[in-house]
Each structure stands twice: as C-alpha cells, then as structure tokens.
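Descriptive analysis of the structure
So you can see what is in the structure, the chains are spelled out below.
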Amino acid sequence: CCAVRQDLVVFLNNLAEKTKAGDLCLDAIIIETTGMADPAPVAQTFLVEESIRTFARLDGIVTLVDAKHIEQHLDAEKPDGCVNEAVAQVAFADRLMLNKIDLVSEEDLARVEKRLYGINQFAPLERCKHSEVSVDHVLGINGFDLQRALR
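Residues numbered from 1 in each chain as written. Predicted model: local features only at pLDDT ≥ 70, side-chain atom pairs only at ≥ 80, totals over all residues. Heavy atoms only, no water.

1. Observations concerning the overall build of the protein chain
Helix and strand counts for the protein chain come out as seven helices and three strands. Reading the helices (α) and strands (β) of the protein chain from amino to carboxyl end gives α-α-α-β-α-α-β-α-β-α. When burial is assessed residue by residue, the protein chain has 34% of its 151 residues classed as buried. When contacts within the protein chain are restricted to residue pairs at least 6 apart in sequence, long-range pairs at least 24 apart make up 76% of them. Taken as a whole, the protein chain presents about 9400 Å² of accessible surface, with 52% of it coming from carbon and sulfur. Counting 16 positive and 25 negative side-chain charges, the protein chain places the centres of these two groups 2 Å from one another. (Helix = DSSP H or I, 4+ residues; strand = E, 2+ residues; numbered from the N terminus. Buried < 20%, exposed > 50% of the residue type's maximum accessible area, 1.4 Å probe, protein only. Contact = heavy atoms within 4.5 Å. Areas by Shrake-Rupley, 256 points an atom, 1.4 Å probe, with all protein chains shown as cover. Lys, Arg positive; Asp, Glu negative; His and termini not counted. Charge placed at Lys NZ, Arg CZ, Asp CG, Glu CD.)

2. Topic: the side chain of Thr63
Inspection of the secondary structure assignment puts Thr63 in strand S1 (residues 62-66). Owing to a relative accessible area of 5%, Thr63 belongs among the buried residues under this scheme. If sequence neighbours within four positions are ignored, Thr63 has contacts with Gln89, Ala93, Arg95, Leu96 and Met97.

3. Let's talk about the sheet that holds strand S2 (residues 95-99)
Pairing within the open sheet is parallel, and its three strands lie in the order S1-S2-S3. Edge positions in the open sheet fall to S1 and strand S3 (125-127), since each of these has one partner strand only. Strand-to-strand twist across the sheet, computed as the mean angle between neighbouring axes with direction ignored, equals 25 degrees. Relative to S2, S1 runs parallel, the two being bridged by five bridges. What sits directly across from Val62, in S2, is Arg95. The strands touched by helix H6 (residues 106-119) are S1, S2 and S3; relative to S3, the strand with the most contacts, the crossing angle is about 160 degrees. (Pairing = 2+ DSSP bridges. Axes fitted to C-alpha atoms, helices over the stretch in contact; angles between N-to-C directions.)

4. Section: the nonpolar core
Membership of the largest hydrophobic core comes to 16 residues, with the highest contact counts inside it found for Val65, Ile70, Leu96, Leu98, Leu109 and Leu116. Element by element, the count of residues in this core is highest for H6, at three residues. When residues no more than four places from it in sequence are discounted, the contact partners of Ile70 are Val65, Ala86, Val112 and Leu116. Membership of the second largest hydrophobic core comes to twelve residues, among which are Leu12, Leu15, Phe92 and Phe144. (Core = buried A, V, L, I, M, F, W, Y, C linked by side-chain atoms within 4.5 Å.)

5. Notes on the confidence of the model for the protein chain
On average, residues of the protein chain carry a pLDDT of 89, and 91% of them reach 70 or more. Helix H7 (residues 146-150) is the least confidently modelled element of the protein chain, averaging 61 in pLDDT, while H6 averages 98, the highest of any element. (pLDDT = per-residue confidence, 0-100.)

6. Regarding the environment of Asp38
Mapped onto the elements of the fold, Asp38 is located in the loop between helix H1 (2-20) and helix H2 (40-48). With twelve residues separating them along the chain, Asp38 and Glu50 place their C-alpha atoms 22 Å apart. Contact partners of Asp38, with chain neighbours within four places excluded, come to Val83, Glu85 and Ala88.

7. So, the pattern of salt bridges
What the rule picks out here adds up to ten salt bridges. Here Arg115 ties to Asp75 by a salt bridge, and the two come within 2.6 Å at their closest N and O atoms. Of the two residues, Arg115 sits in helix H6 while Asp75 sits in the loop between helix H4 (70-74) and helix H5 (85-92), which places them 40 residues apart along the sequence. Glu106 is the salt-bridge partner of Arg127, the closest N and O atoms lying 3.0 Å from each other. Here Arg127, found in strand S3, pairs with Glu106, found in helix H6; they are 21 residues apart in sequence, far enough to count as distant. (Salt bridge = Lys/Arg side-chain N within 4 Å of Asp/Glu carboxyl O.)

Written as structure tokens, this is what we have:
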C-alpha cells in the first residue's frame, strides 16, 4: 500500500505541475484501484499530502459491487489484524454501483442490498448491468466525508 500511495503522490504532483504550467487542463481525475484494494490509503493521499490538498480534492469514493460474487468476499475470513477489503470498500463508499444484476435473482439482489446497507447506510445504491451508469452518479458528487467513513 505504501509504495502504491507514494506512486500516486508522484503522479498527482506531476499532474499539478503540468496544470500549473498551463500544459494540461483537467476537469476531474479518476483513480481506479482495480479489484480488492483498501480505499483508505488512496483517500489518505488527499488528506495528508499538503501538495495534493492544494491541487485536488477527493470528490467521492465510488464502489462497483459484483452482485453475483460480493457475498463470498464479504464473508471471507481474514487473519487477525487484516482488513476485509470488500467490507472496507463498501464502508468507505460514497456511491455503490451494484453491477451484474442480470446474473442474480431479485431475491438475491434484495439480500445483497440489505447486507450492503447494513455496512453503509449512507451511500446511495444504483443497480446496473455491464457497469453502465450515468456519469452524474460518479463525478461531481461531493460525497467524501472522512468522519462518516470512519464510523
């Protein structure tokens, strides 16, 4: 996590330099963490790095949830001291996109949604197929709230 976070700091600082020099104009930066990553180190980058705080803000954490497989990840037993990344991703999310809804029954969807709301009752949940969602649901959401995420 630390090497990845440091790589992110270097990358964001490079973007900041290019933007300041007028070589780059950005509307948003999307960071995709691929797979089962703990979102906390990425969020921390925007909170503790002074150079990043002055250049960019964390708009929100959007979590794409695989409706067919999420329960096995939520139920995965981790060694003491290790974080269940699936639970952390749902807990930190400002938006939940429940994907692959066409692969499970309505009964399964209701059970999964109940579990997700049990972990994070604040994040709006949108059902989707093939990861198709409106850009309005993932950009400009002004959703990140560290205190809520830590509850």
